[in-house]
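Results of the structural survey
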Amino acid sequence: MAFVTLMVLASPVLILLLRAAWITLSYYFLTPLRICRIMARQGVHGPPPRPLIGNLRDVSALVAQATAVDMPALSHDIVGRLMPHYVLWSRSYGKLFVYWYGSEPRLCLTDAAQIKEFLSSKYAASATGKSWLQRQGTRHFIGRGLLMANGAHWSHQRHVIAPVFMPDKLKGRVGHMVECTKQTIRALQEAASATSPGRGRRREVEIGGYMTRLTGDIISRTEFDTSYDTGKLIFRLLEDLQRLTASSSRHLWIPGSQYFPSKYRREIRRLNGELEAVLTESIGRSREIADEGRTTSAYGRGLLAMLLAEMEKKKQDGAAAGQQQEQQFSYDLQLVIDECKTFFFAGHDTSALLLTWALMLLATHPEWQDRARAEVARVCGDDPPSYDDLSKLTVLQMIIHETLRLYPPATLLPRMVFEDIRLTSGLHLPRGLSVWIPVLAIHHDESIWGPDAHEFRPERFTAGRRPAFLPFASGPRNCVGQAYALVEAKVVLAMLLSHFRIAISDDYRHAPVNVLTLRPKHGVPVHLRPLRP
């Protein structure tokens, strides 16, 4: 009797263990092998993987070797430095190949027509970036935000957020961008007027730090109605989380590693808790200020205002609809916090990097600096740019696009295939396949951009964008804030160029590195010569 009782009690545990074993076997072995057999039948191969770790050691070793030293000259030919594995394997297996990130097979997709179809609305529900972000550990600090959403939830979140970045809303942001940039210009003028102790020459300015503070100030004021002091703390926590996430992702190939205790996970949880506490306090202040009305205008005009208004709307609808509302998607406080983390991270980091790389390029190409400055003077006169002026700054727009081509903040565009897809070309993408689009390599491909693909030539964008230009992705899941980023970049660059002549420092060391985003390892020191008193 006791034996029977023991078996009855043990059977649920046994079932759970068997289920866990089957899920592990399927996830780490059976599904990857099925995918690779399907790809092999189509003639798509790649480097042979090692058990469990796949090609991770190869990638790590190649990247470590390529980035061990700074580049000997200021060259924009950086694909071999940042993606040496892509260069090696594309030569050996062609530009369509499969490699293994641990137990996850990844297809490298570079054909422009296939990419356009794959990212189109036809497959928007079948291909998302969610799984890759989860595997990278990014979910620890952006949670259920728009980047992680899928299916109907993604559609609803996008529907709520997209209007914030429409032209009529952006027009009202320009004034805030101008005021924030004026403060940065005053700080730069003060720094530029000082001399280096003991050297008797104008002090160098590390322009990247100023751009980071500026874009942080802009997004704090325009989208989250908070001070930069609060935003500064949020950005510091996000930067620490970004660094830890990049480090911890190297260990995610181990089966079940997401459940193992580790110093990375403990520190990520601590920082994430601190970050959410700051955001919760900031959100609470916004809700207290809007003590009556409970409309978007009562909360303010930015992204946080829209999210809080949506949360309040759903709460009121839920009270009226009763239990039926429980079955519908709605914004709660945690999701509002997750969206704030997503857009603080994406809207701040990528914009700062765009401006930093653009200023480095202008500092090393004074002829384009002069052309852009002359255009700003012609369009804007002595005044800061208005929203209506921005569309007339075509030279500046070409410079921004060429910067995004040479130095896209996101060097890779990941997508996970959730349903079988067969492209017009006949390529079969099986369910469960991870697709990687190497944006940096495509942007530097000489077969697309010509023999001068590694050179800074903004005139290539005279006729508009190219089909293989992907700094903000493409299709319905493209970057929702791209218009905001471009408006901000034009305002900031126009004002900086009208106040300073910029020259690169002799101490500049060219060493692009990839820490989730593409950044200058040693910063960008420049000399600034004020043009106005």
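What you are looking at is a predicted structure, and each value in this text was computed from that prediction instead of being measured. (Residues numbered from 1 in each chain as written. Predicted model: local features only at pLDDT ≥ 70, side-chain atom pairs only at ≥ 80, totals over all residues. Heavy atoms only, no water.)

In this structure, His 348 sits in helix α16 (residues 333–364). Not counting residues up to four positions away in its chain, the partners in contact with His 348 are Thr 212, Thr 215, Gly 216, Ile 219, Phe 235, Glu 239 and Phe 343. (Helix = DSSP H or I, 4+ residues; strand = E, 2+ residues; numbered from the N terminus. Contact = heavy atoms within 4.5 Å.)

Right, let's get into the packing of helix α19 (residues 394–406) against helix α22 (residues 482–499). One can describe the packing of α19 onto α22 by two numbers: an axis separation of 10 Å at closest approach and a directional angle of 115°. The way α19 lies across α22 gives a crossing that is right-handed. Contacts between α19 and α22 involve Leu 396, Gln 397, Ile 400 and Leu 404 from the first element and Leu 486, Ala 489, Lys 490, Leu 493, Ala 494 and Leu 497 from the second. Each residue belonging to the contact of α19 with α22 can be placed in one class, and the counts come to 8 nonpolar, 1 polar and 1 charged. (Axes fitted to C-alpha atoms, helices over the stretch in contact; angles between N-to-C directions. Left-handed = near helix turned anticlockwise from the far one by under 90°. Nonpolar A, V, L, I, M, F, W, Y, C, P; charged D, E, K, R; others polar.)

Now for a nonpolar patch on the surface. Where nonpolar side chains cluster on the molecular surface, the patch consists of Phe 29, Leu 30, Leu 33 and Leu 52 and spans about 320 Å² of accessible area. Inspection of the secondary structure puts Leu 33 in helix α1 (residues 2–41). (Patch = residues over 30% accessible without salt bridge, like charges linked within 9 Å, V, L, I, M, F, W, Y side chains within 5 Å. Areas by Shrake-Rupley, 256 points an atom, 1.4 Å probe, with all protein chains shown as cover. Salt bridge = Lys/Arg side-chain N within 4 Å of Asp/Glu carboxyl O.)

Our focus in this paragraph is the environment of Pro 530. Note on placement: Pro 530 falls in strand β12 (residues 525–530). We classify Pro 530 as partly exposed; its relative accessible area is 29%. Measuring from C-alpha to C-alpha, the distance between Pro 530 and Leu 497 comes to 9.6 Å, with 33 residues separating the pair along the chain. (Buried < 20%, exposed > 50% of the residue type's maximum accessible area, 1.4 Å probe, protein only.)

Bringing the pairing of strand β5 (residues 413–417) into the picture now. The element β5 is largely enclosed, with a buried count of 5 among its 5 residues. The alternating pattern of β5 places Leu 413, Arg 415 and Val 417 on one face and Pro 414 and Met 416 on the opposite face, and all of these are buried. Bridge analysis of β5 against strand β8 (residues 434–437) gives 4 bridges, and the strand direction is antiparallel. Bridge pairing links Leu 413 to Ile 437 in β8. (Pairing = 2+ DSSP bridges.)

Moving on, we get to the sheet that holds β12. Strand pairing in a sheet takes place through backbone hydrogen bonds and is either antiparallel or parallel in direction. Taken together, 3 strands build an open sheet; the order of strands is β4-β12-β9 and the sheet is antiparallel. Either end of the sheet is taken by a strand with one partner, and the two such strands are β4 (205–206) and β9 (500–504). Packed on one face of the sheet, α16 meets β9 and β12 and runs near 85° to β9. Running over the sheet, α22 touches β9 and β12 and is turned about 95° from β9.

Below, the discussion takes up the packing of aromatic side chains. In this description, a pair of aromatic rings is defined by centroid distance and the angle of the planes. Overall, the coordinates contain 11 aromatic pairs when judged by the stated rule. With a centroid separation of 6.2 Å and an interplanar angle of 45°, the aromatic rings of Phe 97 and Tyr 99 are classed as tilted. Taken together, a centroid distance of 5.9 Å and an interplanar angle of 80° make the contact between Phe 165 and Tyr 484 edge-to-face. Highlighted residues: Phe 165 in the loop between α8 (151–161) and α9 (167–171) and Tyr 484 in helix α22, separated in sequence by 319 residues. The same class applies to Phe 165 and to Tyr 484, which are both buried. Chaining the aromatic ring pairs together yields one cluster made of Tyr 86, Trp 89, Phe 97 and Tyr 99. The cationic tip of Arg 106 hangs over the ring face of Tyr 101; the distance from NZ or CZ to the ring centre is 3.8 Å. In this structure, Arg 213 packs its charged tip against the face of Tyr 210, placed 4.6 Å from the ring centre. (Phe/Tyr/Trp six-rings, centres within 6.5 Å; stacked < 30°, edge-to-face > 60°. Lys NZ or Arg CZ within 6 Å of the ring centre and 35° of its normal.)

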